[in-house]
Amino acid sequence: MSIAAEQVSKRFGPVQALNSATLAFGENKIYGLLGRNGAGKSTLLNILTGRIFPDSGSVTVDGAPVPDSDAALSQLYLMSEKLYYPESMKVKDAFRWGACFYPQFDLDFAYSLAGAFQLGLNARVSKLSTGYSSIFKIVTALSTNAPYLLLDEPVLGLDANHRDLFYKTLLARYSENPCTVVISTHLIEEVSSLIEDVVILHQGRVLEKGSREELLAGGYTVSGPRGQVEAYLTGKRLLGADTLGGLMSAYVQGCPDREHLPQGLELSPLDLQKMFILLTSGPEENFAGSPRRGGGEV
């Protein structure tokens, strides 16, 4: 069971938002959908849920085509930037309507979670602040119990306390009712511990896809005196480097050889945010502060 996109492309005028994107989100996993601004993340999520149509390619949910199948669409819930509610609708009424469209909608849970977030049930949806608009969308999404939950920038405008509450609630809900969760976000460091698999979009194409552990195992950091680091890098694939005075941190593709590490150098793993930056940045960004201005073996 999965959401599958096959060779999906979409253009908006001169902008190629998606270019032959092929990927799948499998059953009962938490995914991170990562990409820079304009990479095509929101376009992809809207195509997966039938809100916009691709120029070419196909999307299926558990084998059923989207958007031709109401049964397929009923398995999906997309939390997106826009709110499609009447201006006068109150939060509590929006929850009741959610229960009409999603048979598994947990109204009691929605009321309880709204209380935890201090979201007023009598507040008008259209009058909510940016942060409380995100909270309303989070509460609605987590209450649907949809098999596929797609969250586009879910913590937009939330303070640190509310973001923490969201992550804890998401994990608790996922443990109780396993489903497929796709989180599209720029706060990579915050979600790194939550996600199991990663899809990285870059300039409309799928740049990387696979498990977070496998992606991070493909690189490491070596740090120490600049001369020693540069000598160590001979014959290795350099992704990027940072220098500060006589010290250097280099980001290397591959697996480290800890047994033959020269004295004075330190090895450390790459975190997901740093790996993302290295993969989606140009040489001028990856080698800032270093005389080297290109990738490749050294």
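Check the entry above for the structure.
Rules used throughout
Residues numbered from 1 in each chain as written. Predicted model: local features only at pLDDT ≥ 70, side-chain atom pairs only at ≥ 80, totals over all residues. Heavy atoms only, no water. Salt bridge = Lys/Arg side-chain N within 4 Å of Asp/Glu carboxyl O. Helix = DSSP H or I, 4+ residues; strand = E, 2+ residues; numbered from the N terminus. Buried < 20%, exposed > 50% of the residue type's maximum accessible area, 1.4 Å probe, protein only. 1 Å grid on protein atoms, 1.4 Å probe; cavity = no way out; pocket = protein on both sides within 12 Å on 5 of 7 lines; lining within 4 Å. Points joined across faces, edges and corners; volume = space filled by probe spheres on them. Axes fitted to C-alpha atoms, helices over the stretch in contact; angles between N-to-C directions. Parallel < 35°, antiparallel > 145°, perpendicular 65-115°, else oblique. Contact = heavy atoms within 4.5 Å. Nonpolar A, V, L, I, M, F, W, Y, C, P; charged D, E, K, R; others polar.

Draft legend 1. Fine view of the pattern of salt bridges. Using the criterion set out here, one finds ten salt bridges in the structure. In this structure, Lys-29 engages Asp-197 in a salt bridge whose closest nitrogen and oxygen atoms are separated by 3.3 Å. You can see Lys-29 sitting in the loop between strand E2 (15–26) and strand E3 (30–35) and its partner Asp-197 sitting in strand E9 (residues 197–202), a full 168 residues away along the chain. A salt bridge links Lys-168 to Asp-164, with the nearest nitrogen and oxygen atoms 3.1 Å apart. One end of the pair is Lys-168 and the other is Asp-164, both in helix H6 (residues 160–176) and four residues apart, which spans about a single turn. For Lys-168, a relative accessible area of 53% gives the class exposed.

Draft legend 2. Highlighting the layout of surface pockets. Taken as a whole, the largest pocket holds about 660 Å³ of empty space. Lining the largest pocket are 23 residues, with Arg-51, Tyr-77, Leu-78, Phe-101 and Tyr-102 sitting closest to its centre. Put simply, the parts of the chain that give the lining of the largest pocket at least two residues each are strand E6 (76–79), helix H3 (91–101) and helix H5 (130–144). Roughly 460 Å³ of volume is contained in the second largest pocket. In terms of lining residues, the second largest pocket is bounded by 21 residues, among which Ser-42, Thr-43, Asn-46, Glu-81 and Asp-152 are the most central. At the level of elements, E2 and helix H1 (41–48) are the ones that each hand at least two residues to the lining of the second largest pocket. Looking at which element gives the most residues to the lining of the second largest pocket, the answer is H1, with four residues.

Draft legend 3. Fine view of the packing of H5 against H6. At a minimum axis distance of 11 Å, the contact between H5 and H6 shows a crossing angle of 5°. In terms of orientation, H5 lies roughly parallel with respect to H6. Seen from H5, the contacting residues are Tyr-132, Ile-135, Ile-138, Leu-142 and Ser-143; seen from H6, they are His-162, Phe-166, Thr-169, Leu-170 and Arg-173. Of the residues assigned to the contact of H5 with H6, the class counts are six nonpolar, three polar and one charged.

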